Amino acid sequence: MPYFPLVKSLLIVYHSRTGGTLQMARAAATGARRESAIRVRMETAAAAGPRELLECDGYLFACPENLAAMSGVMKDFFDRSYYPVLDRIQGRAYATLICAGSDGTNAARQIERIATGWRLRDIAPPLIVCTHAQSPEEILRPKQIGQEDLGRCEELGATLAAGLALGIF
Ligand SMILES: Cc1cc2nc3c(=O)[nH]c(=O)nc-3n(C[C@H](O)[C@H](O)[C@H](O)COP(=O)(O)O)c2cc1C
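Bear in mind the structure is a predicted one, so any value in this text is a computation, not a measurement.

(A) Region of the structure containing the pairing of strand S5 (residues 93-100). The buried count for S5 comes to eight of eight residues, which makes it a mostly enclosed element. Residues of S5 alternate between two faces, with Ala 93, Ala 95, Leu 97 and Cys 99 on one and Tyr 94, Thr 96, Ile 98 and Ala 100 on the opposite face, all of them buried. Looking at chain direction, strand S3 (residues 58-66) and S5 are connected through seven bridges and run parallel. Following the sheet pairing, Cys 63 is matched in S5 by Ile 98. Pairing of S5 with strand S6 (residues 121-122), which is carried by two bridges, proceeds in the parallel orientation. Within the sheet, the bridge partner assigned to Ala 93 lies in S6 and is Arg 121. With respect to chirality, the unit in which S5 leads through helix H4 (residues 105-118) into the neighbouring parallel S6 is right-handed.

Below, the structure written as structure tokens:
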């Protein structure tokens, strides 16, 4: 008899400096946990690496945009992981959460490019939340993401988990 594991895993890799991305990632995890057949694993980008990627069936990548790029800690996660998992995770589902001051598109594009190299499957367009922080003081201040945006993150997590559980992704 072939062995089909019942529980699939969703890996949420995140980096957050002033708390916005963390709230988004937690909301996505809450949505994903509605799906009892899915194990949700949240890891910081600093702690996550090839092993976590190989052990999980789908991914949510969450980080801020800094200086028109994904944050450096997130980039380091991809730099450490890219070649060790290349050709070993193709076809797996992923989605992206970006917390940005006013843009976020470059960070999203960079992650999309890496995911294309890995041949991952995007299940939704990148979800970008702008905090509208402009001045240095606002940018460095702890962030509070609004309920509506957190609801969108929760829905994305739920969609990803439901697709994994049903075997759609
Ligand atoms: C050094 C630095 C550079 C930033 N560059 C950008 C940027 O290029 N585009 C943008 O939209 N926001 C930029 N921001 C704003 C952050 O993306 C925003 O503050 C976001 O809420 C940070 O997410 P976090 O709360 O999870 O740390 C920058 C912030 C910092 C600290």
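(B) Structural detail: the layout of surface pockets. Considered as a void within the structure, the largest pocket measures approximately 400 Å³ in volume. In terms of lining, the largest pocket is formed by 20 residues, of which the most central are Pro 64, Glu 65, Asn 66, Gly 101 and Ile 139. In terms of residue count, S3 provides more of the lining of the largest pocket than any other element does, three residues in total. Tallied by class, the residues present in the lining of the largest pocket amount to seven nonpolar, nine polar and four charged.

Calculation notes
- Residues numbered from 1 in each chain as written.
- Predicted model: local features only at pLDDT ≥ 70, side-chain atom pairs only at ≥ 80, totals over all residues.
- Heavy atoms only, no water.
- Buried < 20%, exposed > 50% of the residue type's maximum accessible area, 1.4 Å probe, protein only.
- Helix = DSSP H or I, 4+ residues; strand = E, 2+ residues; numbered from the N terminus.
- Pairing = 2+ DSSP bridges.
- Right-handed = clockwise from strand over helix to strand, strands pointing away.
- 1 Å grid on protein atoms, 1.4 Å probe; cavity = no way out; pocket = protein on both sides within 12 Å on 5 of 7 lines; lining within 4 Å.
- Points joined across faces, edges and corners; volume = space filled by probe spheres on them.
- Nonpolar A, V, L, I, M, F, W, Y, C, P; charged D, E, K, R; others polar.

Note that every value here comes from positions in space, so none of it alone points to a role or purpose.
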